[in-house]
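Notes for the structure review
This is what each chain is made of:
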Amino acid sequence: MATRVDLDGNPIMPMTICMIGAGGFIGSHLCEKLMAETPHTVLAVDVYNDKIKHLLDPPPLEQHGGRHPWDGRIQFHRLNIKNDSRLEGLIKMSDLTINLAAICTPADYNTRPLDTIYSNFIDALPVVKYCSENGKRLIHFSTCEVYGKTIGSFLPKDSPLRQDPNFYVLKEDASPCIFGPIEKQRWSYACAKQLIERLIYAEGAENGLEFTIVRPFNWIGPRMDFIPGIDGPSEGVPRVLACFSNNLLRGEPLKLVDGGQSQRTFVYIKDAIEAVLLMIENPNRANGQIFNVGNPNNEVTVRQLAEMMTQVYAKVSGEPALVQPTIDVSSKEFYGEGYDDSDKRIPDMTIINKQLGWNPKTPLWDLLESTLTYQHRTYAEAIKRAIAKPVAS
Ligand code: NAD
Ligand code: UDP
């Protein structure tokens with residue numbers, strides 16, 4: 001591999017990365033990228049490894065003496081960071097720790113608030129502590145949900161100020177974090193993530209921890225979550241991409257929670273991973289920073305997302321779109337008591353642009369086309385078999 005250089009022209013030295021949560025959606029894409037394009041070694045920590053099996057046990061190659069370019073550079077460590085003393089050793093062996101481990105599906109925030117808070121705050125504490133005590137760099141995954149609701153959402157519905165970006169664009173160093181009341185347990189996740197961000201920031205300020213905090217804004221793509229009843233529990237409720245994919249695969253209408261009026265910006269996982277790689281390889285530009293990572297140009301309401309996914313799926317599957325593609329459902333029915341929602345999420349891109357020169361590239365239609373092609377190829381047959389199978393009596 002030719003010498004690779006960072007954004008300042010300095011050669012990039014191979015490093016060892018302890019990646020916690022490497023078996024998840026983002027982790028699997030990050031592992032792929034690091035194996036395909038860099039000389040770095042990954043100690044992949046997770047309780048599951050299905051999404052990185054193709055890297056851990058790849059079929060032998062015909063060329064290159066049967067070896068893959070990443071042979072020996074990825075090791076899987078099956079451990080639960082809640083209760084495993086091997087974690088500190090792995091962090092000590094590494095130059096950098098990336099923590100992705102979390103409970104991060106909204107259906108859990110109000111129904112399993114204790115697990116959500118423990119996972120996103122308590123379980124992350126030792127990771128921060130080991131990095132700080134051993135002088136190791138940490139890239140910690142937080143969330144855009146730390147912003148909560150926009151200031152604009154509290155203005156009267158007809159206020160012209162709602163159109164003013166000062167009332168809705170989310171800025172790392174200026175926007176407040178606005179959550180609902182405690183009984184709206186939806187915010188347990190956002191609040192736990194906010195507190196771990198504050199703790200990491202304080203470790204940086206008081207003890208010199210070298211950290212970067214990432215706030216993903218709805219990263220989506222292949223391998224996100226699971227399809228209920230196929231590779232996850234039948235009653236499970238994944239994030240919106242997988243919920244809508246599941247409906248499309250089964251030929252059922254897509255469920256719009258509370259009218260599907262909330263707005264989101266979706267970024268393609270492969271664009272977002274480019275940003276993470278820049279953070280990994282440019283510590284001087286990334287340390288001490290909090291970065292929004294999203295695509296402000298890909299904004300839709302959830303209703304528009306459902307309509308676009310319906311059209312894209314008809315194109316990639318060759319099956320006609322449903323006559324009635326969506327149905328309305330209340331949040332109480334869909335998520336249970338204590339659900340609440342972020343109204344709108346537009347990331348400000350100034351800081352990541354200035355520090356890392358990163359910009360998202362892929363338009364929403366294109367990223368849905370490649371993602372739904374993957375969903376169709378991966379699941380359509382299994383769904384047909386599941387539907388055809390008589391229910392056990
Ligand atoms: P994911 O659920 O696919 O991945 C998380 C992984 O962490 C899973 O493989 C899980 O098994 C593992 N994990 C959880 N608890 C663990 C434990 N105690 N020990 C070992 N492994 C454990 O989620 P993702 O989408 O890849 O998200 C990764 C991170 O990014 C999370 O911190 C999440 O809060 C954050 N995030 C993601 C998005 C997004 O758009 N995908 C948005 C906001 C925030
Ligand atoms: N949503 C929906 N139908 C579904 C799943 C989700 O209308 O089947 C809505 C949800 O209420 C939220 C948005 O889609 O407004 C995005 O949900 P997601 O689970 O992706 O997480 P979030 O962006 O809220 O973190």
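This write-up is about the structure you can find in this document.

What about the site of ligand 2?
The immediate surroundings of ligand 2 are formed by 19 residues, with Lys255, Arg264, Tyr339, Asp341 and Arg345 found nearest. In the model, an oxygen atom of ligand 2 is placed 3.1 Å from a nitrogen or oxygen of the Arg186 side chain. Contacts to ligand 2 include Arg264, whose side-chain N or O atom sits 2.7 Å from an oxygen atom. Isolated, ligand 2 exposes 520 Å² of accessible area, and the fraction of that covered by the protein chains is 95%.

Describing the side chain of Asn292
When you line up the elements, Asn292 lands in strand 12 (residues 289–293). Exposure remark for Asn292: the relative accessible area of 0% places this residue in the buried category. A distance of 3.1 Å separates a polar side-chain atom of Asn292 from the backbone oxygen of Asp348. Among all residues touching Asn292, those that are not within four sequence positions of it are Tyr147, Leu170, Lys171, Glu172, Arg215, Phe217, Pro347, Asp348, Met349 and Ile352.

Quick look at the pairing of strand 5 (residues 137–141)
Along any regular strand the residues' side chains alternate between the sheet's two faces. The buried fraction of strand 5 is high, at 5 of 5 residues. Of the two faces of strand 5, the one carrying Arg137, Ile139 and Phe141 and the one carrying Leu138 and His140 are both buried. Note: strand 4 (residues 96–99) against strand 5, 4 bridges, orientation parallel. Note on strand 5: the bridge partner recorded for Leu96 is Arg137. Two elements, strand 5 and strand 7 (residues 211–216), share 4 bridges in a ladder whose sense is parallel. What sits directly across from Leu138, in strand 7, is Phe211.

Points about the side chain of Ser28
Its place among the elements puts Ser28 in helix 1 (residues 25–37). In terms of polar contacts, Ser28 uses its side chain to reach the backbone carbonyl oxygen of Phe25, at 2.9 Å. The residues contacting Ser28, other than those within four sequence positions of it, are Ala22, Lys51, Ile52, Leu55 and Arg223.

What about the pattern of salt bridges?
Between side chains of opposite charge, a pair can form as their charged atoms come close. Tallied over the entire structure, the rule returns 21 salt bridges. The shortest N-O distance in the salt bridge between Arg215 and Glu197 comes to 2.6 Å. On the criterion of sequence distance, the pair formed by Arg215 in strand 7 and Glu197 in helix 7 (residues 187–207) is long-range, its members being 18 residues apart. Accessibility expressed as a relative area gives 6% for Arg215, which makes it buried. Across the salt bridge formed by Lys315 and Glu369, the nearest N and O atoms sit 3.2 Å from each other. Of this pair, Lys315 sits in helix 11 (residues 302–317) while Glu369 sits in helix 14 (residues 364–388), and the two are 54 residues apart along the sequence. On the basis of relative accessible area, Lys315 is assigned to the exposed category, the value being 51%. Note on Glu369: relative accessible area 23%, which makes it partly exposed. A network of salt bridges, in which partner residues are shared, links Glu145, Arg186, Arg264, Asp341 and Arg345.

Digging into the site of ligand 1
The environment of ligand 1 is made up of 25 residues, and the closest members are Ile26, Asp46, Asn80, Tyr189 and Trp219. Take Phe25: an N or O atom from its main chain is 2.8 Å from an oxygen atom of ligand 1. A distance of 2.6 Å separates an oxygen atom of ligand 1 from a polar atom in the side chain of Asp46. Starting from 820 Å² of accessible surface for ligand 1 in isolation, the protein chains cover 89%. At the level of secondary structure, the elements contributing two or more residues to the shell around ligand 1 comprise helix 1 and helix 7. The residue inventory of the shell around ligand 1, partitioned by class, reads 15 nonpolar, 7 polar and 3 charged.

Observations regarding the nonpolar core
In terms of nonpolar packing, the biggest core is built from 66 residues, with Ile98, Trp219, Met279, Ile280 and Val293 touching the most fellow members. Sort the elements by how many residues they give to this core and helix 9 (residues 269–281) lands first, with 8 residues. Among residues more than four places away in sequence, those in contact with Ile98 are Ile17, Cys18, Met19, Ile20, Leu30, Ile139, Phe141 and Ile280. Core analysis: the second largest hydrophobic core is formed by 23 residues, Val45, Ile91, Phe121 and Ile196 among them.

Calculation rules
All residue numbers refer to position in the chain's written sequence, counted from 1. Labels are handed out in written order, letters beginning with A for the chains and numbers beginning with 1 for the ligands. Reporting of local features is limited, given that this is a predicted model, to residues whose pLDDT is at least 70; pairs of side-chain atoms are given and counted only at 80 or more, and all residues count toward the totals for whole chains, interfaces and linings. Side-chain descriptors were evaluated using all non-hydrogen atoms of the structure, hydrogens and water having been removed beforehand. Near is defined per residue: the residue qualifies when any heavy atom it owns lies within 4 Å of the molecule or strand. Under this definition, polar contacts are N or O atom pairs within 3.5 Å; protein pairs additionally need one hydrogen-donor-capable and one acceptor-capable atom, and for neighbouring residues in sequence, both atoms have to be side-chain atoms. Each accessible area is a Shrake-Rupley estimate made with a 1.4 Å probe; only the visible protein chains count as cover when residues are assessed. Helix and strand assignments follow DSSP, with helices taken as H or I runs no shorter than four residues and strands as E runs no shorter than two, numbered in order from the N terminus. Partly exposed describes any residue whose relative accessible area lies between the buried limit of under 20% and the exposed limit of over 50%, with all areas from a 1.4 Å probe on protein chains only and scaled to the type maximum. It only takes one pair of heavy atoms within 4.5 Å for two residues to be counted as in contact. Strand pairing is assigned whenever DSSP detects at least two bridges linking the two strands. Salt bridges are defined by distance alone: a side-chain nitrogen of Lys or Arg within 4 Å of a carboxyl oxygen of Asp or Glu. Each residue gets one label: Ala, Val, Leu, Ile, Met, Phe, Trp, Tyr, Cys and Pro are nonpolar, Asp, Glu, Lys and Arg are charged, and the others, such as Gly, are polar. Nonpolar cores are built from buried Ala, Val, Leu, Ile, Met, Phe, Trp, Tyr and Cys residues. Side-chain atoms within 4.5 Å join them into one set.

Everything listed here is a matter of geometry and, on its own, says nothing about what the molecule does.
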